[in-house]
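So the chains spell out like this:
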Amino acid sequence: DHTSISTSPLQANAHVLLLPLPLQGHVAPFMKLGHQLVRHGSKVTFLTTESIRSQIEKVDEEEHMRIISIPDGLALEDDHKDDNRLVQSFLHVIPGHLENLIRKTNEDELIGTGQITCLIVDVVLSRDPIEIAEKMGLKHAIFFPSAPGVLALILHLPKLIAAGIIDADDGTVEKNEKIQLSPNLPAMDSADFIWKRPGNKSNFNQKDVFQYLLLVNQILKVPNWVLCNWFHELDPSANALLPNIISVGPLPAHDGKSTGNFRSGDLTCLPWLDRQSPGSVIYIAFGSTSKFSQQQFHELAFGLELIGKPFLWAVRSDFIDGISIEYPDGFQDRVKNLGKIVNWAPQEKVLAHPSIACYMTHCGWNSTMESINMGIPMLCWPYFGDQFWNKSCVCYGWKVGLEMNPDEGGMVTKHEIKRKVDELLSDEGIKANALKLKELAQNSAYEGGSSKNFRDFVAQLML
Ligand code: UDX
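Conventions we followed
- Residues numbered from 1 in each chain as written.
- Predicted model: local features only at pLDDT ≥ 70, side-chain atom pairs only at ≥ 80, totals over all residues.
- Near = placed C-beta within 6 Å.
- Helix = DSSP H or I, 4+ residues; strand = E, 2+ residues; numbered from the N terminus.
- Nonpolar A, V, L, I, M, F, W, Y, C, P; charged D, E, K, R; others polar.
- Pairing = 2+ DSSP bridges.
- Axes fitted to C-alpha atoms, helices over the stretch in contact; angles between N-to-C directions.
- Core = buried A, V, L, I, M, F, W, Y, C linked by C-beta atoms within 7 Å.
- Buried ≥ 20, exposed ≤ 12 C-beta atoms within 10 Å, placed from the backbone.
- Contact = placed C-beta atoms within 7 Å.
- Parallel < 35°, antiparallel > 145°, perpendicular 65-115°, else oblique.

Chemist: Provide a residue-level description of the site of the ligand, including the pertinent values.
Modeler: Around the ligand there are 27 residues in total, and Gly-25, Gly-287, Gln-347, Gly-364 and Ser-367 lie nearest to it. Those elements that place two or more of their residues in the shell around the ligand are α1 (24-39), α10 (347-351) and α11 (365-374). Looking at the shell around the ligand residue by residue, the classes come out as 7 nonpolar, 17 polar and 3 charged.

Chemist: Can you lay out the sheet that holds strand β16 (residues 401-403) for me, pointing to particular residues and giving the numbers?
Modeler: Strand order in the open sheet formed by 6 strands is β13-β12-β11-β14-β15-β16, with parallel pairing between adjacent strands. Both edges of this open sheet fall to β13 (339-342) and β16, since each of them pairs with a single strand only. Between one strand axis and the next, the sheet turns through 15° on average, direction left out of account. Inspection of the sheet shows strand β14 (residues 356-361) paired to strand β15 (residues 378-380) by 3 bridges, in the parallel sense. In the strand pairing of β15, Thr-361 is matched with Cys-380.

Chemist: Requested: an account of the nonpolar core, with residues and values cited.
Modeler: Membership of the largest hydrophobic core comes to 132 residues, with the highest contact counts inside it found for Leu-18, Phe-143 and Tyr-283. If we skip the residues at most four places from it in the chain, Phe-143 touches Phe-30, Leu-33, Ile-120, Val-121, Asp-122, Val-123 and Leu-227.

Chemist: Would you mind going over the packing of α11 against helix α14 (residues 428-446) in detail, with residue names and values included?
Modeler: Closest axis-to-axis distance for the α11/α14 pair is 6 Å, and the angle between their directions is 100°. When the axes of α11 and α14 are compared, the pair comes out roughly perpendicular. Contact with α11, carried on its side by Ile-372, Asn-373 and Met-374, involves Leu-437, Lys-438 and Ala-441 of α14 and no other residues of that element. Split into classes, the residues belonging to the contact of α11 with α14 amount to 4 nonpolar, 1 polar and 1 charged.

Chemist: Residue-level account of the pairing of strand β11 (residues 281-285), with values.
Modeler: Of all 5 residues in β11, 5 are buried, a share of seventy percent or more. Alternating residues of β11 divide into Val-281, Tyr-283 and Ala-285 and Ile-282 and Ile-284, and every residue in both groups is buried. Here β11 runs beside β14; their pairing, made up of 5 bridges, is parallel. Its bridge partner lying in β14, Ile-284 is registered against Met-360. Judged from the 3 bridges that link them, β11 and strand β12 (residues 311-314) form a sheet pairing that is parallel. Bridge pairing links Ile-282 to Phe-311 in β12.

See the structure below:
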């Protein structure tokens, strides 16, 4: 029995079991979701892999939540950095563990948590767990950690197939069209369908992703609720996509701290930011999985030198595809009075810091929401999957950012980087839009929006 329990529980009637996809961009919002549920009176048990549990416990103690774990199913000789393999393996092992684990938690009076009353599962993992929850008589919800347009796209797949726009087998685009998925957002370019955007992930199989999305299209109709990490004003028509959507975004940082992180944020950047002038620093970070080629990495470094403004750059040790980090000759010396480089930034604290002028981002959905929530204009540099669509919304829907355009060889040059940073920093319209959206996001969190939605949701769990 590999199940183990880490911290002691709280008292309440509703007891939610959270089951995120075992990847950084999913575990963190689930942890925030958990903290919000606790704030609104629910007990929460957080289920993840053994390896992730040990990483998040090293970084921060989640004292309000019980964290339990199961093996990820990977063999020692498997590549543990291969996200695709990890997800496949975890999908495979969950059904064997979940039912027992729920029974054991429910029977174990020593734990004293009370019966698990609801399962909230990541949309990507949802097929078997929702079936198990139904069978065991639990309430069930899917958490959708991506943008409203992505949900709309998944729900429109049968219509796109019927209209002959995409192939039913592998999602190949038969007719290049811009698809208007929402009256409030830009039309989606067929090149940006998420299964068409592999980045440089060699294991990304377009057909498999597409077929899985078709399955998700069906599963989304099953759960009692679909919780979405967005707020009403981002797309006022989004809550009509399904009858049971509850929008819970923007999920706030717990006590202002990042939560559910696999790595510790380097806090030395905060006193450094304190020493910079208000609205002067370019923050650069590309989430947890994006990778650059060595050449593109150098071009970005040269671009930052060319701009000559203060910058804070988060450079993960695995950020360059295939090799360890190598800066251009003498780069770190030349920029030592200009920039600060960290391995992993305390991103939400950084985005909330008054010195930040703009955020150069890969447009992962969490980062996009965090930036919107802090009113920071974005320079969009998407890498794979949903990020291209997120970029379109940021630049042409909400008009809170500009996009980097690669040259014919696919390279974003240092001149393009400088041009776009200069353009963004002098665009008062974008700054004003970002501040307006921040206000809407924050009002939504506290007045009648996600906070009320949470209260209502937890009240329904207690029925
Ligand atoms: C992935 C996908 O890329 C994204 O498009 C999808 O919607 C969710 O899963 P990821 O690439 O990691 O996630 O990006 P993102 O969703 O932006 O999540 C990154 C998280 O890491 C953010 O919450 C951000 O605050 C945090 N982060 C990132 C740090 O705390 N420090 C850093 O240095 C970089």
